[in-house]
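# Results of the structural survey
Chain by chain, the residues run as shown.
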Amino acid sequence: MDRFDRIYDLHKILSASRYPVSRKRLEDELECSRATVKRIIESMRLYLNAPIAYDRKLNGYYYETGNESGEVMYELPGIWFNASELQALLTVQQLLQDVQPGLFERQLAPLRERIDDLLQLQQGESGDLSGRIRILHLASRPGSEWFQLIAGATAQRRQLEIDYYARSSDTSSRRCISPQRLVHYRDNWYLDAWCHTRDALRTFSLDAIESARQLETAADDVGEKELKTHFTSAYGIFSGEATDEAVLHFSAESARWVANEAWHAQQQGEWLDSGKYQMRIPYANPTELVMDILRYGSNVEVIAPESLRQLVSRRLHDALAQYQ
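Residues numbered from 1 in each chain as written. Predicted model: local features only at pLDDT ≥ 70, side-chain atom pairs only at ≥ 80, totals over all residues. Heavy atoms only, no water.

The five strands are arranged β6-β5-β4-β3-β7 in an open sheet whose pairing can be described as antiparallel. Every interior strand has two partners, whereas the edge strands, β6 (200–205) and β7 (209–218), have only one. Each adjacent strand pair in this sheet contributes to an overall mean axis angle of 45 degrees, direction not counted. Two strands pair when backbone bridges link them, and strand β4 (residues 171–185) and strand β5 (residues 188–195) are joined in this way by eight bridges, in the antiparallel orientation. Within β5, the residue paired with L182 across the bridge is L191. (Pairing = 2+ DSSP bridges. Helix = DSSP H or I, 4+ residues; strand = E, 2+ residues; numbered from the N terminus. Axes fitted to C-alpha atoms, helices over the stretch in contact; angles between N-to-C directions.)

In structure tokens, the structure reads:
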């Protein structure tokens, strides 16, 4: 009998008993030692908020009712984390393990211990849950040395002066910006900001910021509605307001995966009579969308607009030319 079996059995015993249950009976029915019974009770109290009390006079454990009728209201929650909870815990655990000793080592230690305790409760007394699950990071770039300064200016609502390297044009420029929010996207950090130099909203990749200086000038605030319209209405991180809609046809084979994928909040999908899957995606800047389309090679066809179809076609021809 493992820990979870015993937790469920202890819950059933206490829920069904009208009087406090002795530790000896619990040892016999749970087939474990006195120390194990105590550990299970403490785990249920600490992690599952179980209202287990001890009656010294009757020398037994019981559920506190919390109501006048004396009816036990406590229900044992599901113990297994769901996928998002497990990912969050393991991700935070990995991130904390990577934090170098520093100013917050003492403050972070209890958080690390708490997460370890939660994972230990899930995995029981045998095995290492974190060692049985992999969280893979794809195409992440080195972090920015200016991250703390930029995050501080964003929180304190101060303007920044940055030197920014634009990979697309292979040029650097100095910008004065009002940071709006930090974005973690596809394992990399970005900054949404109002660029006073360009007089427009822009997204800056933090690893491409060559230098940064916080100014005393207060940052201009852009309304949430305007930020959402600009940064989330179209496809990808460098979005802008959507101006076009891509119509893609995926082969029946690739559709088995694509039909369940979320590419964009406003995407529309439907199965065609041919067995293919059609997806409609709003976009503005086609750069990131083209890269994702090319991943599917011959398993996808751009139907519209013609400009996007021609752009993808040129990229495929250029790629083929490399092998001829």
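Let us now look at the sheet that holds strand β10 (residues 277–283). Taken together, the four strands give an open sheet; going across it, the order is β9-β10-β8-β11, and neighbouring strands pair in antiparallel fashion. The open sheet terminates on both sides in strands that have one partner only, identified here as β9 (268–271) and β11 (300–304). Between one strand and the next, the sheet's axes are offset by a mean angle of 25 degrees, whatever the strand orientation. As judged from the four bridges shared by strand β8 (residues 244–250) and β11, these two strands associate in the antiparallel manner. Bridge assignment links F250 to a residue of β11, and that residue is V300.

A few words on the confidence of the model for the protein chain. Of all residues in the protein chain, 84% attain a pLDDT of 70 or more, and the chain-wide mean is 85. Per-element confidence in the protein chain is highest for β11, whose mean pLDDT is 97, and lowest for helix α5 (residues 105–123), whose mean pLDDT is 69. (pLDDT = per-residue confidence, 0-100.)

This part is about the pairing of strand β1 (residues 52–55). When β1 meets strand β2 (residues 60–63), the two strands line up antiparallel, connected through four bridges. Note on β2: the bridge partner recorded for D55 is G60. Once β1 ends, the chain turns through four residues before running back antiparallel as β2, passing N59 with a positive phi of about 55 degrees.

A few words now on the pattern of salt bridges. This model, assessed by the stated rule, comprises 16 salt bridges. With a shortest N-O distance of 3.7 Å, E288 and R186 are connected by a salt bridge. Of this pair, E288 sits in helix α9 (residues 287–294) while R186 is found in the loop between β4 and β5, placing the two residues 102 residues apart along the sequence. E288 gets classed as buried once you look at its relative accessible area, which sits at 11%. Because the salt bridges share partners, they merge into one network encompassing R186, E288, D292 and R295. (Salt bridge = Lys/Arg side-chain N within 4 Å of Asp/Glu carboxyl O. Buried < 20%, exposed > 50% of the residue type's maximum accessible area, 1.4 Å probe, protein only.)

A few words on the nonpolar core. Among the nonpolar cores identified, the biggest contains 20 residues, and L248, F250, W263, L289, I293 and L308 are the most heavily contacted of them. Looking at this core, the elements with two or more residues in it are β8, α8 (252–258), β10, α9, β11 and α10 (306–321). Examining the composition of this core, we find that four residues originate from one element, β10, more than from any other. Sequence-distant contacts of L308, defined by excluding residues within four places in its chain, comprise A246, Y283, P286, L289, V290, I293 and V302. (Core = buried A, V, L, I, M, F, W, Y, C linked by side-chain atoms within 4.5 Å. Contact = heavy atoms within 4.5 Å.)

Relative orientation of the contacting elements helix α1 (residues 3–16) and helix α3 (residues 34–47) amounts to 75 degrees, with a least axis distance of 10 Å. By the angle between their directions, the pair α1 and α3 is classed as roughly perpendicular. Between α1 and α3, the contacting residues are R3, R6, I7, L10 and H11 on the first element and T36, I40, I41, S43 and M44 on the second. Considering only residue class, the contact of α1 with α3 consists of five nonpolar, three polar and two charged. (Parallel < 35°, antiparallel > 145°, perpendicular 65-115°, else oblique. Nonpolar A, V, L, I, M, F, W, Y, C, P; charged D, E, K, R; others polar.)

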